[in-house]
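Residue strings, one per chain:
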Amino acid sequence: MTTTPGGRGHVIVPAVSALLLMLGIGAFIFVVMHQQGDPPAPESDATSASVIGASGGESAAATEQPEGRDDPVGEPDNAPATLPQPEENATGAAEAAGDPPSLEPSEPVAVRIRSSDISSDLHPLGLTEDGVLDVPSGDLYNQAAWYEGSPTPGEIGPAVIEGHVTSQGSVPSVFFELGSVAVGDEIEVDREDGSTATFEVYDTGSFPKDDFPSLGVYGRTNYAELRVITCGGDYSAEQRRHVDNVVVFARLVDAA
């Protein structure tokens, strides 16, 4: 048997070229299949009295990030270091008949919004040294977090859960679909004591970061309520974040 010089190379080069072509086509198909558009926006126009009326004139001053901070992409808006404490129910929602349901304190461990196919374990986060709400990062970037400065879900007051909407402005994160949540949907929060607190959504809204309704979100309530927060609206490449915040307002309706 004889071979010509370079014969093996003549065979290998076309094979490698074909393999690279197949890998390129495969990568293109993967990108197309996984490409995502903008996150959904709430149907609410954010003008309901239960949200805007609760802001009490609060603006970005209470929730802005310190100048020069290198914000993570898709970061939820920040809690003020000192939360407002109104005497009346900050949401302005209609009072329930009889005593409103509530639970003893127990830290949350997971959250589910079945209507929007959202499900995540939870970890606690507090405030940074700058006095702003810390956000999920590192290995927990795509996991939702409970703000441990707020009541535990099921206690009287507004429990706050936050999470990213995207990474790098386009890759979906845990709350990418939060804007699709509608009034009447249920949010389930599993708690460390084995109970599950079920909340019913009564309002949703999208707010510019420079007009965030701090009082309506963080202010004291007479009921066991829940706020779920993420980013939304257009993505600013210059600021490396979305320009709005999406907020879901819900009230405890059951515990098991």
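Keep in mind that what you see is a predicted model, and the values were worked out from it rather than measured.

The next point concerns unusual backbone geometry. Phi is positive for D117, close to 55 degrees, though the residue is something other than glycine. Tracing the backbone through its elements, the reader meets D117 in the loop between β1 (108–113) and β2 (118–125).

As for its position among the elements, H164 is in the loop between β4 (157–162) and β5 (166–167). Separated by 2.8 Å, the side chain of H164 and the backbone oxygen of P136 make a polar contact.

Moving on to the sheet that holds strand β9 (residues 224–236). Pairing is mixed around the closed barrel formed by 8 strands, whose spatial order is β1-β2-β3-β4-β9-β10-β8-β7. The sheet shows a mean angle of 35 degrees between the axes of neighbouring strands, taken without regard to direction. Where strand β3 (residues 144–147) and β4 come together, 2 bridges link them in antiparallel fashion. Pairing of W146 across the sheet is with I161, part of β4.

To continue, consider the packing of aromatic side chains. Summed over the entire model, instances satisfying the criterion amount to 2 aromatic pairs. Seen in terms of ring centroids, Y202 and F249 are 6.4 Å apart; in terms of plane orientation they differ by 45 degrees. Their pairing is tilted. Of this pair, Y202 sits in strand β8 (residues 196–208) while F249 sits in strand β10 (residues 241–255), and the two are 47 residues apart along the sequence. For the pair Y202 and F249, a shared accessibility class is recorded, and that class is buried. Between the NZ or CZ atom of R251 and the centre of the ring of Y202, over which it lies, the distance is 5.5 Å.

Turning to the pattern of salt bridges, a few remarks are in order. Counted under the stated rule, the structure contains 6 salt bridges. R251 is paired through a salt bridge with E225; the nearest N and O atoms lie 2.9 Å apart. With R251 in strand β10 and E225 in strand β9, the pair connects residues that are 26 residues apart, well separated along the chain. The two residues R251 and E225 agree in class, both being buried. The network of salt bridges with shared partners includes R112, R114, E188 and D190.

Turning our attention to the confidence of the model for the protein chain. Detailed reading of the predicted coordinates is not advisable wherever pLDDT falls low. For the protein chain, the mean per-residue pLDDT works out to 75, and 63% of the residues sit at or above 70. Every residue in residues 45–97 is under pLDDT 50, and counting partners more than four places away or in other chains gives 145 contacts.

A word on the environment of V248. Topologically, V248 is positioned in strand β10. The exposure class of V248 is buried, given its relative accessible area of 1%. Spatially, the C-alpha atoms of V248 and L178 are 7.9 Å apart, while their sequence positions differ by 70 residues. Residues contacting V248, with those up to four places away along its chain left out, are L178, V181, I187, V201, D203, T204, L226, R227 and V228.

A general feature of soluble globular proteins is that nonpolar side chains tend to end up buried together. In this structure, I161, F175, L178, I187, V189, F199 and L226 are the most contacted members of the largest nonpolar core, which totals 23 residues. Counting residues per element, this core draws most heavily on β10, at 4 residues. Leaving out residues up to four positions away in the same chain, L178 has contacts with I113, I118, V228, I229, T230, V246 and V248. Counting 11 residues, the second largest nonpolar core, distinct from the first, contains Y147, V160, I229 and V247.

Rules of the game
- By convention here, each chain's residues receive numbers from 1 onward along its written sequence.
- Where local features are concerned, this predicted model is filtered to residues with pLDDT of at least 70; where side-chain atom pairs are given and counted, the filter is 80 or more; whole-chain, interface and lining totals use all residues.
- Heavy atoms from the whole structure form the basis of all side-chain values; hydrogens and water molecules are not counted.
- Here a helix means four or more residues in a row that DSSP labels H or I, a strand means two or more in a row labelled E, and each is numbered from the N terminus.
- N or O atoms closer than or at 3.5 Å make up a polar contact, with two conditions inside protein: a donor-capable atom paired with an acceptor-capable one, and, for residues adjacent in sequence, both atoms drawn from side chains.
- By this definition, two strands are paired if DSSP reports at least two bridges between them.
- Only the stretch in contact is used when a helix axis is fitted, and all axes are lines through C-alpha atoms; the angle between N-to-C directions ranges over 0 to 180 degrees.
- Between rings of Phe, Tyr and Trp, where Trp is taken as its six-membered ring, a pair exists when centres lie within 6.5 Å; planes separated by under 30 degrees are stacked, by over 60 edge-to-face, and by other angles tilted.
- Under the scheme applied here, a residue whose accessible area is under 20% of the maximum for its type counts as buried, over 50% as exposed, and between as partly exposed, the area being computed with a 1.4 Å probe on protein chains only.
- Two conditions define a charge sitting above a ring: the NZ of Lys or the CZ of Arg must be within 6 Å of the ring centre, and it must be within 35 degrees of the ring normal.
- Salt bridge, as used here, is a side-chain nitrogen of Lys or Arg placed within 4 Å of a carboxyl oxygen of Asp or Glu.
- As a per-residue measure, pLDDT reflects the predictor's confidence and takes values from 0 up to 100.
- Contact criterion: two residues are considered in contact whenever any of their non-hydrogen atoms come within 4.5 Å of each other.
- Here, nonpolar core refers to any group of buried Ala, Val, Leu, Ile, Met, Phe, Trp, Tyr and Cys residues whose side-chain atoms link them within 4.5 Å.

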